[in-house]
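Here is how the chains run, residue by residue.
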Amino acid sequence: MILGNDEIEMVRSSFEKVYGNKEEVATLFYKKLFELEPTYKAMFKGDMAEQGRKLMLMLRTLVSGLGDLSNLVPVIEDMGKRHLKYGVKVEDYNVVGEALLATLQQGLGEEFTPKLKGLWAAVYQIVAKTAIEGAKH
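Source: prediction; values computed, not measured. (Residues numbered from 1 in each chain as written. Predicted model: local features only at pLDDT ≥ 70, side-chain atom pairs only at ≥ 80, totals over all residues. Heavy atoms only, no water.)

Is there a simple way to explain the overall build of the protein in this structure?
Scanning the protein from N- to C-terminus turns up six helices and zero strands. Listing each helix as α and each strand as β along the protein from the N terminus yields α-α-α-α-α-α. Its C-alpha atoms give the protein a radius of gyration of 14 Å, within 12% of the compact-globule value 14 Å for 137 residues. Along the first, second and third principal axes, the C-alpha set of the protein runs to 40 × 35 × 25 Å. Residue burial in the protein is summarised as follows: out of 137 residues, 38% are buried. Put simply, of all contacts in the protein between residues at least 6 apart along the chain, 74% involve residues at least 24 apart. For the protein, the exposed surface amounts to about 8,100 Å²; the carbon and sulfur share of it is 56%. (Helix = DSSP H or I, 4+ residues; strand = E, 2+ residues; numbered from the N terminus. Rg over C-alpha atoms; globule rule 2.2 N^0.38 Å. Buried < 20%, exposed > 50% of the residue type's maximum accessible area, 1.4 Å probe, protein only. Contact = heavy atoms within 4.5 Å. Areas by Shrake-Rupley, 256 points an atom, 1.4 Å probe, with all protein chains shown as cover.)

See below:
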């Protein structure tokens, strides 16, 4: 799915709203992720606050680069390679996507309309597929 300028702006605008509470949002994300799949806790051995900062920075990079996906592809592919080294499997991307959408729903409340959820799901699918492909090379 190719996003138009208005759709990209909707994703960016919604992200900026949750980014204002980035520490809380990152905490909510990992809480949801570990609820969905408790075994993932073993993958995270370091400082979770630092992990949350990295997560939010990566999301900000992805969202700000949506208008020029060609520049994002190498970044996402590298992320996929790193995640492979950490033991991330293809099926794990679905759980992460579910946790991300649930976190956005919680963070945005009724502003997280079905259309916005669909846009975020599309963005995440692009990222997941690109990361998975990157891990193969």
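Explanation requested: the packing of aromatic side chains in the structure shown.
When we look at a pair of aromatic rings, we describe it by the centre distance and by the angle of the planes. According to the stated counting rule, one finds six aromatic pairs in the structure shown. Between phenylalanine 15 and tyrosine 19, the ring centres sit 5.4 Å apart and the planes meet at 40°, which makes this aromatic pair tilted. Placement of both phenylalanine 15 and tyrosine 19 in helix H1 (residues 5–19) is noted, with a separation of four residues, approximately one turn of the helix. With a relative accessible area of 1%, phenylalanine 15 lands in the buried category. You can call tyrosine 19 buried: its relative accessible area is 15%. (Phe/Tyr/Trp six-rings, centres within 6.5 Å; stacked < 30°, edge-to-face > 60°.)

So what exactly am I meant to see when it comes to the side chain of threonine 130 here?
Topologically, threonine 130 is positioned in helix H6 (residues 114–136). A polar contact of 2.7 Å, which involves the side chain of threonine 130, links it to the backbone oxygen of isoleucine 126. In this structure, threonine 130 is in contact with Val73, Ile76 and Glu77, ignoring residues within four places of it in sequence. (Polar contact = N/O pair within 3.5 Å; in protein donor to acceptor, adjacent residues only side chain to side chain.)

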